[in-house]
Amino acid sequence: MTGYEGLTQLGRPSTIPASPAEAVLERVPNPEPGLAYVVRFVCPEFTSLCPLTGQPDFAHLVLDYIPDAWIVESKSLKLFLASFRNHGAFHEACTLMVARRVVDLLAPRWLRIGGYWYPRGGMPIDVFWQTGAPPEGVWIPPQEVAPYRGRG
């Protein structure tokens, strides 16, 4: 099992970390390092807390990346994302924190994130970021998260 020896969460009982800072993101070798392909993770029930009121905020996150030498281990990513449920930060900070942690861990060829936040005070705040232009010749599907329309 070369490349998997250092994993601390996969195949073991795990608890949700108390905060994103305590969460451990893990990686494994890319099984196809010479191939440019897109990996997508979708978290339709992402939650965090408003840093001022403590009230819950909800988002639909879509994370796309083109790996280089590493791919993220999905259980560690799920636990990392769940660790935000008691974390107080604005929408922009949460979205960018997720993206930057993945970039810092993997050094992917390319990454983008879409944070589609549900309304607070009657207005949704959507946050988008990417590391640069995607490489040519790679099919990158649209995120296709419908804009919030309320009860329409």
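Quick caveat, the model's predicted, so the values are computed rather than measured.

About the thresholds
Residues numbered from 1 in each chain as written. Predicted model: local features only at pLDDT ≥ 70, side-chain atom pairs only at ≥ 80, totals over all residues. Heavy atoms only, no water. Buried < 20%, exposed > 50% of the residue type's maximum accessible area, 1.4 Å probe, protein only. Helix = DSSP H or I, 4+ residues; strand = E, 2+ residues; numbered from the N terminus. Contact = heavy atoms within 4.5 Å. Polar contact = N/O pair within 3.5 Å; in protein donor to acceptor, adjacent residues only side chain to side chain. Core = buried A, V, L, I, M, F, W, Y, C linked by side-chain atoms within 4.5 Å. Pairing = 2+ DSSP bridges. Axes fitted to C-alpha atoms, helices over the stretch in contact; angles between N-to-C directions. Parallel < 35°, antiparallel > 145°, perpendicular 65-115°, else oblique. Left-handed = near helix turned anticlockwise from the far one by under 90°. Expected span 1.5 Å × (residues − 1). Arc of directions from axis to C-beta.

## Considering helix H1 (residues 74-82)
Next, step 1: Burial in H1 covers these residues: Ser 76, Leu 77, Leu 79, Phe 80 and Leu 81.
Next, step 2: Structurally, H1 contributes buried residues whose contacts are with strand E2 (39-49), strand E3 (56-66), strand E4 (70-72) and helix H2 (91-106).
Next, step 3: The N-cap of H1, judged by a side-chain oxygen 2.9 Å from the amide nitrogen of Lys 75 a few residues on, is Glu 73.

## As for the side chain of Asp 64
Next, step 1: Following the sequence through the fold, Asp 64 ends up in strand E3.
Next, step 2: Within the local environment of Asp 64, its side chain forms a polar contact with the side chain of Arg 40, the two groups lying 2.6 Å apart.
Next, step 3: Here Asp 64 is in contact with Val 38, Val 39, Arg 40, Trp 110, Leu 111, Arg 112, Pro 141 and Gln 143, once residues within four sequence places are set aside.

## Quick word on the nonpolar core
Next, step 1: Ranked by size, the top nonpolar core spans 28 residues in total, and within it Phe 46, Phe 80, Leu 81 and Val 98 carry the most contacts.
Next, step 2: Contributing elements (two or more residues each) for this core: E2, E3, E4, H1, H2 and strand E5 (110-117).
Next, step 3: Looking at this core element by element, the count peaks at 6 residues for H2.
Next, step 4: Not counting the four nearest positions on each side in its chain, Leu 81 is found in contact with Cys 43, Phe 46, Leu 61 and Val 98.

## Details of the sheet that holds E2
Next, step 1: The antiparallel open sheet is built from 4 strands, whose spatial order is E2-E3-E5-E6. Since the sheet does not close on itself, it has two edges, and those belong to E2 and strand E6 (126-130), each with one partner. Sheet twist, expressed as the average angle between the axes of neighbouring strands with direction ignored, equals 15°.
Next, step 2: The pairing of E5 with E6 spans 5 bridges and is antiparallel. Looking at the pairing, Ile 113 lines up with Trp 129 of E6.
Next, step 3: Across the sheet, H2 is in contact with E2, E3, E5 and E6; its angle to E5 comes to roughly 160°.

## Describing the packing of H1 against H2
Next, step 1: At a minimum axis separation of 11 Å, H1 and H2 run at an interaxial angle of 150°. When the axes of H1 and H2 are compared, the pair comes out roughly antiparallel. In this structure, H1 meets H2 at a crossing whose hand is right-handed. From H1, Leu 77, Phe 80 and Leu 81 reach across to H2, where they touch Met 97, Val 98, Arg 101 and Val 102.

## Thoughts on H2
Quick reminder: α-helices carry 3.6 residues per turn. Residues three or four places apart thus point the same way.
Next, step 1: For H2, with 16 residues, the first-to-last C-alpha span of 23 Å sits near the 22 Å given by 1.5 Å per residue.
Next, step 2: For H2, the complete set of buried residues consists of His 91, Cys 94, Thr 95, Val 98, Ala 99, Val 102, Leu 105 and Leu 106. The buried residues of H2 occupy an angular sector of 135° when projected down its axis, which confines them to one face.
Next, step 3: Remark: Ala 107 follows H2 within two positions and exhibits a positive phi of approximately 50°.

By themselves, these figures tell us nothing about what the structure is for.
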